[in-house]
Amino acid sequence: QDSTAFPEVTTLLTRYADAGRLHHLVHERQTEGMRQIDIDEGWASYYAIAHHYQFVFQEIFSPKFPQYKRIIILEEDLRVGVDFFQYMRATSRLLDDDPSLFCVSSWNDNGKGEFVSDPERLYRTDFFPGLGWMTSRRIWDELSRKWPNGFWDDWLRQPSQRKDRACIRPEVPRTFMSCEEAGASAGQFCDFIIDIKLSETAVNWAARDLHYLVKDRYDVWLLDTVSRATEVSSISQLKSFAEGHRAAKIPFNDNNEFRALAEELGIMTDFKDGVPRTAYKGVVSLQIGRA
């Protein structure tokens with residue numbers, strides 16, 4: 001719990017803790033490391049959040065809890081899909097066994113209803129999605145030595161932290177974020193996020209073979225898929241191919257070209273350290289209709 005400023009929350013969590021249903025940890029707000037410009041710009045919350053995350057990781061992966069190999073992070077403004085925890089359990093084996101992965105996320109930044117269709121389909125992504133995600137003690141042991149004072153998520157997207165590792169993400173999101181202008185991000189991307197589709201399908205993840213997501217297999221599949229797709233030069237052509245359930249691709253040469261295409265199509269336009277949201281090896285995969 002991030003401070004005890006809300007007594008009703010403290011009372012509820014204490015009741016669950018007394019019943020043996022959770023470990024109740026309280027972290028008092030910290031903003032260490034802020035510069036004057038951070039104060040002037042109103043960025044204190046980003047520092048408080050980074051310190052809060054650090055506290056949680058340090059506690060869960062401390063010697064007090066040696067049984068915990070992984071952690072699932074869920075912010076209080078997230079709703080989860082019906083199979084969220086089953087999805088996390090199934091993909092945890094990939095996280096354990098594949099050193100080219102550093103997280104599993106339940107979020108798809110381009111997960112609008114018009115761009116998703118298959119609730120069983122998962123992808124690799126070079127862009128850290130967050131928003132309902134899982135990582136491991138092994139990754140925290142590495143990151144704990146250099147955890148930042150603020151803006152932890154953008155820091156985690158830097159090449160020096162990611163080290164060419166990827167995350168797993170679903171086609172149909174398993175989390176939905178309630179947008180609040182009072183939050184740390186002041187409602188950034190709310191106009192887009194409101195249309196994200198939360199999966200309502202309970203997939204039997206335990207019965208699914210997820211080995212296609214292992215790096216070597218996945219990279220071969222992606223190269224073959226992109227090679228076979230028909231190259232088009234406009235969004236209108238792309239949509240016409242989608243109506244015929246055929247695979248198509250649009251190449252782009254730089255960030256500006258991608259932004260123009262993304263804006264016309266209606267997907268996220270921004271980059272972090274040169275990586276577009278949801279991209280893997282420079283490829284942003286989308287389902288338009290059922291194509």
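Residues numbered from 1 in each chain as written. Predicted model: local features only at pLDDT ≥ 70, side-chain atom pairs only at ≥ 80, totals over all residues. Heavy atoms only, no water.

Trainee: Could you clarify how one ought to interpret the overall build of the protein chain in this entry?
Mentor: The helix and strand tally for the protein chain stands at 11 helices and 11 strands. Whereas a compact globule of 291 residues would reach a radius of gyration of roughly 19 Å, the protein chain reaches 20 Å, a difference of no more than 12%. Out of the 291 residues in the protein chain, the part that is buried amounts to 45%. Considering only residue pairs separated by 6 or more positions, the protein chain has 70% of its internal contacts joining residues 24 or more positions apart. Surface accessibility of the protein chain: about 15,400 Å² in total, with carbon and sulfur atoms responsible for 50%. (Helix = DSSP H or I, 4+ residues; strand = E, 2+ residues; numbered from the N terminus. Rg over C-alpha atoms; globule rule 2.2 N^0.38 Å. Buried < 20%, exposed > 50% of the residue type's maximum accessible area, 1.4 Å probe, protein only. Contact = heavy atoms within 4.5 Å. Areas by Shrake-Rupley, 256 points an atom, 1.4 Å probe, with all protein chains shown as cover.)

Trainee: What am I meant to see in the packing of aromatic side chains here?
Mentor: Centre-to-centre distance and the angle between the planes together describe a pair of aromatic rings. For the structure on display, the rule yields 23 aromatic pairs. Relative to W140, the ring of F57 lies with its centre 4.8 Å away and its plane at 20°, an arrangement referred to as stacked. With F57 in helix 3 (residues 44-60) and W140 in helix 5 (residues 137-143), this residue pair connects regions lying 83 residues apart in the sequence. The class of W140 is buried, set by a relative accessible area of 5%. Pairing Y218 with W221 gives two aromatic rings, centres 5.2 Å apart and planes at 50°, and the pair type is tilted. Highlighted residues: Y218 and W221, both in helix 9 (residues 215-228), separated by 3 residues, approximately one helical turn. Judged by relative accessible area, Y218 falls into the buried class, the value being 2%. What makes W221 partly exposed here is its relative accessible area of 31%. In textbook terms, an aromatic cluster arises when at least three aromatic residues are bridged by ring pairs, as seen for Y53, F57, F61, F102, F128, W133, W140, W147, W152 and W155. Seen from the ring of Y123, R121 lies directly overhead, with NZ or CZ sitting 5.2 Å from the centre. Of note, R246 hangs over the ring of F241, and the distance from its end group to the ring centre comes to 4.3 Å. (Phe/Tyr/Trp six-rings, centres within 6.5 Å; stacked < 30°, edge-to-face > 60°. Lys NZ or Arg CZ within 6 Å of the ring centre and 35° of its normal.)

Trainee: Mind showing me how you'd approach the pattern of salt bridges here?
Mentor: Any two side chains of opposite charge can pair, so long as their charged atoms come close to each other. Using the criterion set out here, one finds 16 salt bridges in the structure. Here D96 and R70 are joined by a salt bridge, their closest N and O atoms 2.7 Å apart. Separated by 26 residues along the polypeptide, D96 in helix 4 (residues 84-97) and R70 in strand 1 (residues 70-73) bring together distant segments of the chain. Notably, a salt bridge pairs R162 with D126, separated by 3.4 Å at the nearest N-O pair. (Salt bridge = Lys/Arg side-chain N within 4 Å of Asp/Glu carboxyl O.)

Trainee: Would you mind going over the side chain of R124 with me for this structure?
Mentor: In this structure, R124 sits in strand 4 (residues 122-125). For R124, a relative accessible area of 2% corresponds to the buried category. Separated by 2.8 Å, the side chain of R124 and the backbone oxygen of L213 make a polar contact. Here Y280 takes part through its side chain, which lies 3.3 Å from a polar atom of the side chain of R124. What R124 contacts, discounting residues up to four positions off in sequence, is D98, S100, L101, A166, C167, I168, L213, V214, K215, Y218, T278 and Y280. (Polar contact = N/O pair within 3.5 Å; in protein donor to acceptor, adjacent residues only side chain to side chain.)

Trainee: I would appreciate a short explanation of the side chain of Q54 in the present structure.
Mentor: Secondary-structure assignment places Q54 in helix 3. Note on Q54: relative accessible area 19%, which makes it buried. Excluding anything up to four places from it in sequence, Q54 contacts W140 and W147.

Trainee: Please explain the pairing of strand 4 as it appears in this structure.
Mentor: Moving residue by residue along a regular strand, the side chains alternate between the two faces of the sheet. Taking every second residue as pointing to the same face, both faces of strand 4 are buried, with L122 and R124 on one and Y123 and T125 on the other. Where strand 4 meets strand 6 (residues 166-170), 4 bridges bridge the pair, whose relative direction is antiparallel. When the sheet's bridge partners are listed, L122 is paired in strand 6 with P170. (Pairing = 2+ DSSP bridges.)

Trainee: Mind showing me how you'd approach the nonpolar core here?
Mentor: One broad trend across soluble globular proteins is that nonpolar side chains are buried collectively. Counting 21 residues, the largest nonpolar core has Y87, V104, L122, I168, W205, L210 and L213 as its most contacted members. Broken down by secondary-structure element, the contributors of at least two residues to this core are helix 4, strand 3 (101-105), strand 4, strand 6 and helix 9. Sorting elements by how many residues they give to this core places helix 4 first, with 6 residues. Those residues within four positions of I168 in sequence are excluded, and the remaining contacts are Y87, L101, C103, V104, S105, L122, Y123, R124 and L213. (Core = buried A, V, L, I, M, F, W, Y, C linked by side-chain atoms within 4.5 Å.)

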